[in-house]
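Observations on the three-dimensional arrangement
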Amino acid sequence: MARSLLSATAKDLEPLLREVAGAVGVPVLGVVSDGQTSIRRAVERALPGVPHQLCQFHFLREAAHPVFEADRHAKVRLKAEVRGVRPIERALEGQDDTTAEVARGYCAAVRSAITDDGRPPLAASGLRLKARLEAVADSLDRVREKGAARRRSRSCAN
């Protein structure tokens, strides 16, 4: 019974809902939708007394909105702290030694982390960005520690 309507007003949806309710052969016990006002009004008029519920995805998205906004704000702040990647990459242009290659790899990891967005309500992209940036920082710390250990061991051998 799906069909194109000229508009999605309650007035246009109401007859379609009545037709569907009459055609299914069983009582309509409830309606689930995205909560669009015209749909809610059409359900009230065409199916009086039938409860209407917001679909779980839309309900969860609305409930998670304050958390999403906090996460989005945190992501903006995190991105602001790592904006200096391009100048580092430009400074490495023309260098083909191992250190430059490693540095370019870390820059690419940071750039990749800041461009990855999630879709609310199920993906907190700010938290994911934080975890990815922490992984890059931890890796850099391990590289620094290994380099320091090699320098110490060389100086002890002399």
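Residues numbered from 1 in each chain as written. Predicted model: local features only at pLDDT ≥ 70, side-chain atom pairs only at ≥ 80, totals over all residues. Heavy atoms only, no water.

The name given to the protein chain in an unreviewed UniProt entry is Transposase, with Dankookia rubra as the source organism. Within the UniProt record for the protein chain, the comment given under Function (unreviewed entry) is "Required for the transposition of the insertion element." The UniProt entry for the protein chain carries this comment under Sequence similarities (unreviewed entry): "Belongs to the transposase mutator family." (UniProt positions renumbered as here; feature names shortened; annotations may be inferred.)

Along the protein chain, the regular secondary structure elements total seven helices and two strands. Written out in order from the N terminus, the α and β elements of the protein chain read α-β-α-β-α-α-α-α-α. With 158 residues in all, the protein chain has 23% of them scored as buried. Across the protein chain, the fraction of contacts at a sequence separation of at least 24, relative to all contacts at a separation of at least 6, is 49%. Counting every atom, the protein chain has about 11,300 Å² of accessible surface; 57% of that belongs to carbon and sulfur. (Helix = DSSP H or I, 4+ residues; strand = E, 2+ residues; numbered from the N terminus. Buried < 20%, exposed > 50% of the residue type's maximum accessible area, 1.4 Å probe, protein only. Contact = heavy atoms within 4.5 Å. Areas by Shrake-Rupley, 256 points an atom, 1.4 Å probe, with all protein chains shown as cover.)

With that settled, consider the side chain of glutamate 89. If you trace the backbone, glutamate 89 turns up in helix α5 (residues 85-91). Discounting residues that sit within four places of it in the chain, glutamate 89 has contacts with Cys107, Ala108 and Arg111.

Our focus in this paragraph is the packing of helix α1 (residues 10-23) against helix α2 (residues 37-46). Across the interface, α1 lies against α2 with an axial gap of 8 Å and an inter-helix angle of 50°. With respect to α2, the axis of α1 lies oblique. In the crossing of α1 with α2, the sense of the turn from one axis to the other is right-handed. Contacts from Ala10, Lys11, Leu13, Glu14, Leu17 and Arg18 of α1 reach α2 at Ser38, Ile39, Arg41, Ala42, Val43, Arg45 and Ala46. (Axes fitted to C-alpha atoms, helices over the stretch in contact; angles between N-to-C directions. Parallel < 35°, antiparallel > 145°, perpendicular 65-115°, else oblique. Left-handed = near helix turned anticlockwise from the far one by under 90°.)

Now for the layout of surface pockets. In this structure, the largest pocket occupies an estimated 270 Å³ of space. Considering the residues around the largest pocket, the lining is formed by 13 residues, among which Val82, Val85, Val110, Val136 and Leu140 are closest to the centre. Every element with two or more residues in the lining of the largest pocket is listed here: α5, α6 (98-115) and α7 (125-157). For the lining of the largest pocket, the class distribution of residues is 12 nonpolar, one polar and no charged. (1 Å grid on protein atoms, 1.4 Å probe; cavity = no way out; pocket = protein on both sides within 12 Å on 5 of 7 lines; lining within 4 Å. Points joined across faces, edges and corners; volume = space filled by probe spheres on them. Nonpolar A, V, L, I, M, F, W, Y, C, P; charged D, E, K, R; others polar.)

Right, let's get into the environment of arginine 41. Tracing the backbone shows arginine 41 in helix α2. Owing to a relative accessible area of 45%, arginine 41 belongs among the partly exposed residues under this scheme. Taking the C-alpha atoms as reference, arginine 41 lies 8.7 Å from lysine 11; in sequence the two are 30 residues apart.

This brings us to the nonpolar core. Grouped together as the largest cluster of nonpolar side chains are nine residues: Val85, Tyr106, Cys107, Val110, Ala113, Ile114, Leu129, Leu133 and Val136. Contributions of two or more residues to this core are made by α6 and α7. The greatest single-element share of this core, amounting to five residues, is contributed by α6. If sequence neighbours within four positions are ignored, alanine 113 has contacts with Leu129, Arg132 and Leu133. Counting five residues, the second largest nonpolar core, distinct from the first, contains Val31, Val43, Ala46 and Leu47. (Core = buried A, V, L, I, M, F, W, Y, C linked by side-chain atoms within 4.5 Å.)

This brings us to the pattern of salt bridges. A full pass over the atoms with the stated rule returns 10 salt bridges. The shortest N-O distance in the salt bridge between arginine 104 and glutamate 101 comes to 2.6 Å. A residue pair is termed a helical-turn pair when its members lie 3 or 4 positions apart in one helix, as arginine 104 and glutamate 101 do in helix α6 at three residues. The partly exposed category is assigned to arginine 104, whose relative accessible area is 23%. (Salt bridge = Lys/Arg side-chain N within 4 Å of Asp/Glu carboxyl O.)

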